[in-house]
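Here is how the chains run, residue by residue.
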Amino acid sequence: MSMLTPPGMGGQYRITGDKYPRMRPSRRRGRLVAAVLASVAVLGVTGWGTLQLIDVFTGGDNPTVTGTAAGCRTKASAAPAAHTAALPEPGRITVNVYNATKRGGLAKKTADELRKRGFRIGAVGNATKAYDQKVKGTGLLLGAPAAQGTSLRVLGTQLAGARQQADARKGADLDLIIGDGFKGLAQQAAADRALTALTAPAPTAPTKKSC
């Protein structure tokens, strides 16, 4: 036995030379560890790439993104709110015409013109004592609370500057009370444009792009 052989070690560990043997792991185990590390790296890169593709096609986590183009994201602006109630056509509105001025014949003349423009005509005559010679503007339009924002708006297109007011009535009829500043109904073309503007759909706000 060589002097370099530790006590108690023999057999395959018997050392006959003048150097100790090198205790190192098997090369097969080293190859296995390297293969495992390479597989983990490949899976990590693949997963990262998949997440990037999902983000491109879905627009990320921002729910307002509607599309992508050349690295820019398009965001749709909120559209203006629509009318709270549908506006009735002139043929579905009944108007009572009253004259609160000292000038005679205005109620009948105005009622005839409104009829030509498609409105239904109810009572025609002088204003009651509560309004007679007390309307200083072009006119006063009266209706039930439910008529505000609907039929009163439609009738208002026919008389520029008229004041609109709700009273305690229950019916759907409207009152047009001619005031001291009355010089006639709005011109037919101007009234038609105003009516079209009321019934036209609200425009859609343009989209914005952020890069």
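All values reported here derive from a predicted model rather than from experimental measurement.

A. Quick peek at the overall build of the protein. Counting its regular elements, the protein contains four helices and eight strands. Listed by position from the N terminus, the elements making up the protein come as α-β-β-β-α-β-β-α-β-β-α-β. By residue count, 27% of the 211 residues in the protein fall in the buried class. In the protein, the share of contacts with a sequence separation of at least 24, taken over all contacts with a separation of at least 6, comes to 67%. In the structure as shown, the protein presents an accessible area of about 14700 Å², 58% of it carried by carbon and sulfur atoms.

B. Structural context of the pattern of salt bridges. All told, the structure shown has six salt bridges when counted by the stated rule. Taking the shortest distance from any N to any O, the salt bridge between Asp-180 and Lys-136 comes out at 3.7 Å. With Asp-180 in the loop between β7 (174-178) and α4 (188-199) and Lys-136 in the loop between β4 (120-126) and β5 (139-143), this pair connects stretches of sequence that are 44 residues apart. Overall, the relative accessible area of 36% leaves Asp-180 in the partly exposed class. For Lys-136, a relative accessible area of 60% translates into the label exposed.

C. Local environment of the nonpolar core. In this structure, Val-95, Val-97, Leu-114, Phe-119, Leu-155 and Leu-176 are the most contacted members of the largest nonpolar core, which totals 24 residues. Where this core is concerned, the elements lending two or more residues are β3 (94-99), α2 (106-116), α3 (151-156), β7 and α4. Looking at which element gives the most residues to this core, the answer is α2, with four residues. Apart from residues lying up to four places away in sequence, Leu-176 is in contact with Val-95, Asn-96, Val-97, Tyr-98, Leu-114, Leu-140, Leu-141, Leu-155 and Leu-159. In this structure, Ala-127, Val-135, Leu-142 and Ile-177 belong to the second largest nonpolar core, which totals six residues.

D. Seen up close, the side chain of Ser-151. With respect to the element layout, Ser-151 can be found in helix α3. On the accessibility criterion, Ser-151 (9% relative accessible area) is buried. Look past the residues within four positions of Ser-151 in its chain and what remains in contact with it is Pro-88, Ile-93 and Leu-174.

E. Geometry of the pairing of β4. Looking at chain direction, β3 and β4 are connected through five bridges and run parallel. Among the inter-strand pairings, Tyr-98 is bridged to a residue of β4, identified as Gly-125. Once the chain exits β3 it traverses α2 before rejoining the sheet at β4, and the crossover so formed is right-handed.

F. Up close: the pairing of β7. Counting buried positions along β7 gives five out of five residues, so the element sits mostly inside the fold. Pairing of β3 with β7 involves five bridges; the strand directions are parallel. The partner of Val-97 across the bridge, within β7, is Leu-176. Summarising the sheet, β5 and β7 pair through four bridges and their orientation is antiparallel. Residue Leu-140 lies in a different strand from β7, and its bridge partner there is Ile-177.

The rules behind the values
Residues numbered from 1 in each chain as written. Predicted model: local features only at pLDDT ≥ 70, side-chain atom pairs only at ≥ 80, totals over all residues. Heavy atoms only, no water. Helix = DSSP H or I, 4+ residues; strand = E, 2+ residues; numbered from the N terminus. Buried < 20%, exposed > 50% of the residue type's maximum accessible area, 1.4 Å probe, protein only. Contact = heavy atoms within 4.5 Å. Areas by Shrake-Rupley, 256 points an atom, 1.4 Å probe, with all protein chains shown as cover. Salt bridge = Lys/Arg side-chain N within 4 Å of Asp/Glu carboxyl O. Core = buried A, V, L, I, M, F, W, Y, C linked by side-chain atoms within 4.5 Å. Pairing = 2+ DSSP bridges. Right-handed = clockwise from strand over helix to strand, strands pointing away.

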